[in-house]
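Analysis of the macromolecular model
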Amino acid sequence: MITNHKYLFILIILILSACASRTDPEGLIPPDSKEYINNTGSDTMVNLALAWAEQYQQINPQSILSVSGGGSGTGIASLINKTTDIANASRKIKSIEIDNALSNGIEPIEFVVARDAIAIVVNPNNPVDNLTLQQLSDIYSGKINNWKEIGGEDRPIVRLSRETNSGTHVYFLEQVLRLGVKEDKTLFSTNTLLLPSSEVIGAEIRNNPNAIGYDGLGYVTPDMKVIAVTASQEEGPEFIYPSAETVNDGTYPIARDLYMYTAGQPKGSIKEYIEWIHSLEAQLIVTQLGFVPINAP
Amino acid sequence: MKLPTIKSESLITGIIKITGYSAIIFVGLILYFLLSEGLPALTEVPFTEFFKTRWYPIEDYFGILPMLVGSFIVTVGALIIAVPIGLLTAIYISEVASRRTKEFLKPLVELLGGFPSVVLGFLGLLILSQYLRQILNLPTGLSALTGALILAGIAIPAIVSISEDALDAVPKSYRDASLALGATEWQTIWWVTLPAAKSGVLTAIMLGIGRAIGETMVVLMVTGNAPMMPTGLATFFNPTRTMTATIATEMGEVANGSTHYHVLFFIGIVLFIIALIVNVTASTFVFRRKKRSERILS
């Protein structure tokens, strides 16, 4: 029947038109030489990874990078599940994650790509300027509950934190809450708000005078107040504000390395990308985004 | 004599049969997947662990009680606000409002129901939580109360549109008979029309419950996600953490097949069972056999 042929014809045309390439409309680059790199993980690093990817794609148009966040834990899990090429992490990979990776046939290789400071932020109207690490640990574990106990107004303390999948959260747990002691089992107090992103933390800090929070230095906006921190317990210590200088000379106590992990030693396009990240050009982007560049390799 | 079969008829019947069965098959497959990924949690974690009060999965604390309570508080709070308002709005639109007002209000309510929940969550985070904190002098506006209010805002349009249809479907003869016997307008609405539309109204409320308990984005942004156990009446004004928000945030970071992964699916099974109980309870009300008197009258 004539009707059958007409519908078949339309169907064939639709299928053929769906086969056109979208990423290379001028057809200049032969399809086989495109290099796809999948980069996922830390939300702290996602803006940095995006800036790197955009810059790299401009100088290397045959590379296609896809960047996404989800948290350091998510990135490492993706690396273990073989759904990503490079995992961004704002914390070191845990030994249990290394075991999981090895049992899945993957050997995670670590690269330090930048450095970061964790800034402690409060509402701009909060009179408190300085805190010791011990005080921070007591605040977040629930021992100190009112601002007046640390020299502020008579207000309850509202603790803000990132979610458990965040590398920033894990780093804060190990280095601040537990003061770096591995055997310590202190946990965040149960009424710590686990907020899904830096923007939500920022919104609450700006509006709520009771709040205290922590986040990477690159996410601190001028309308938040940063607290100066010291690690020492002595009388009259010097409180340090976070900045690129204090991170690199080691005086700011809550500083960390930012990592990229690959499955096994990287080869080909992934190797070139990671080498480019260690170059001066890429580290300039690090400074522009508010992070701390690694010292020249 | 056998009737001649028309080919297109049997083809269409076949297609309809397949789509009908496929709905059952999809639900069955989802249930199978849930069970196969969630039940291993029962073997990997001692059952009593689930009833502890601490949820901190990256260090193997798997107590889901705080989230059960959180989901419960937020849903019940939303319903306490949404059911009276929704029902009264539906009564107003269908029974009391003039024709012009009705034509204006009904599409407006539908529009409210069409709002993506993320937008409402965002508004709740930036605006509602700050107001609540200042007005009620709370430590933080990110609390169960804010979550319940926004969930009520999401459930109300669902309740209103279905209840309004149910009330509209009550035969005019019921109202006329009641008014003819000397009842006032309100007595007619409350004692005659509403009971007659009972099954539809209950369906509307069940739909509202379903939307509230399954809502993820709003509670993720607005309740603070703190897994706290209840401490008396103040719990409503404290931050809380729901099961849906837990699954949404943590599912991305779990390694496939790890204990945490299985526990998250187990929480999904718990949610499924709760939804099942709510629906079965509703069905027994809705599909009850009509009393002899009702069959005669209608």
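Throughout this description, residue numbers start from 1 for each chain and increase along the sequence as written. Think of it this way: whatever chain is written first is A, whatever ligand is written first is 1, and the rest follow in order. Only residues with pLDDT of at least 70 get local features here, since the model is predicted, and only at 80 or more are side-chain atom pairs given and counted; chain-wide, interface and lining totals rely on the full set of residues.

**Description of the interface of chain B and chain A**
For clarity, the cut-off: Residues are scored as being in contact if the C-beta atoms we place from backbone atoms lie within 7 Å. The helix and strand labels rest on DSSP assignments: H or I over at least four residues marks a helix, E over at least two residues marks a strand, and numbering proceeds from the N terminus. Under the scheme applied here, ten amino acids are nonpolar (Ala, Val, Leu, Ile, Met, Phe, Trp, Tyr, Cys and Pro), four are charged (Asp, Glu, Lys and Arg), and all others, including Gly, are polar.
Counting residues at the interface gives 26 residues for chain B, matched by 28 residues for chain A. Looking at the side of chain B that touches chain A, the elements that each hand over two or more residues are helix H5 (117-136), helix H10 (217-222) and helix H11 (243-250) of chain B. Top contributing element to the side of chain B that touches chain A by residue count: H5 of chain B, with four residues. Partitioned by chemical class, the residues of the side of chain B that touches chain A number 15 nonpolar, eight polar and three charged.

**Section: the packing of helix H7 (residues 172-180) of chain B against helix H8 (residues 185-196) of chain B**
Residue and element names in this part refer to chain B. Just so we agree on the cut-off: For every element, the axis is a line fit to its C-alpha atoms; helices are fit only across the contacting stretch, and the angle between N-to-C directions ranges from 0 to 180 degrees. To sort the angles, those under 35 degrees are grouped as roughly parallel, those over 145 as roughly antiparallel, those from 65 to 115 as roughly perpendicular, and the leftovers as oblique. Handedness of a crossing is defined here by the sense of rotation of the near helix relative to the far one, left-handed for an anticlockwise turn of less than a right angle and right-handed for a clockwise turn.
Orientation of H7 relative to H8, taken along the N-to-C sense of each, is 155°, at an axis distance of 10 Å. The angle between H7 and H8 falls in the class roughly antiparallel. Crossing handedness for the pair H7 and H8: right-handed. Facing Tyr 174, Arg 175, Ser 178 and Leu 179 of H7, the residues of H8 in contact are Thr 188, Val 192, Thr 193 and Ala 196.

**Observations regarding the packing of helix H2 (residues 46-59) of chain A against helix H10 (residues 280-288) of chain A**
Residues and elements named next belong to chain A. The N-to-C vectors of H2 and H10 enclose an angle of 140°; their axes lie 10 Å apart at closest approach. With respect to each other, H2 and H10 are oriented oblique. In this structure, the crossing between H2 and H10 has a hand that is right-handed. Residues Leu 48, Ala 51, Trp 52 and Gln 55 of H2 touch H10, and the partners they reach there are Ala 282, Ile 285 and Val 286. In the contact of H2 with H10, the residues fall into six nonpolar, one polar and no charged.

**Focus: the pairing of strand E10 (residues 255-263) of chain A**
Residues and elements named next belong to chain A. For the record, the criterion: Residue burial here comes from a neighbour count, namely the number of other C-beta atoms, placed from the backbone, that lie within 10 Å of the residue's own C-beta, with 20 or more meaning buried, 12 or fewer meaning exposed, and in between meaning partly exposed. Any two strands between which DSSP finds at least two bridges are classified as paired.
In terms of residue burial, E10 counts as a mostly covered element, since seven of its nine residues are buried. Two elements, strand E3 (residues 86-89) and E10, share four bridges in a ladder whose sense is antiparallel. Bridge pairing in E10 places Ile 86 opposite Thr 262. In this sheet, E10 lies alongside strand E4 (residues 108-122) in antiparallel orientation, the contact comprising nine bridges. Considered in E10, the bridge of Pro 108 is made with Ala 263.

**What to know about helix H6 (residues 167-177) of chain A**
Residues and elements named next belong to chain A. Counting buried positions along H6 yields 10 of 11 residues, so the element is predominantly enclosed. Within H6 the residues assigned to the buried category are Gly 167, Thr 168, His 169, Val 170, Tyr 171, Phe 172, Leu 173, Gln 175, Val 176 and Leu 177. Leu 179 sits one or two positions beyond H6 and adopts a positive phi of about 50°.

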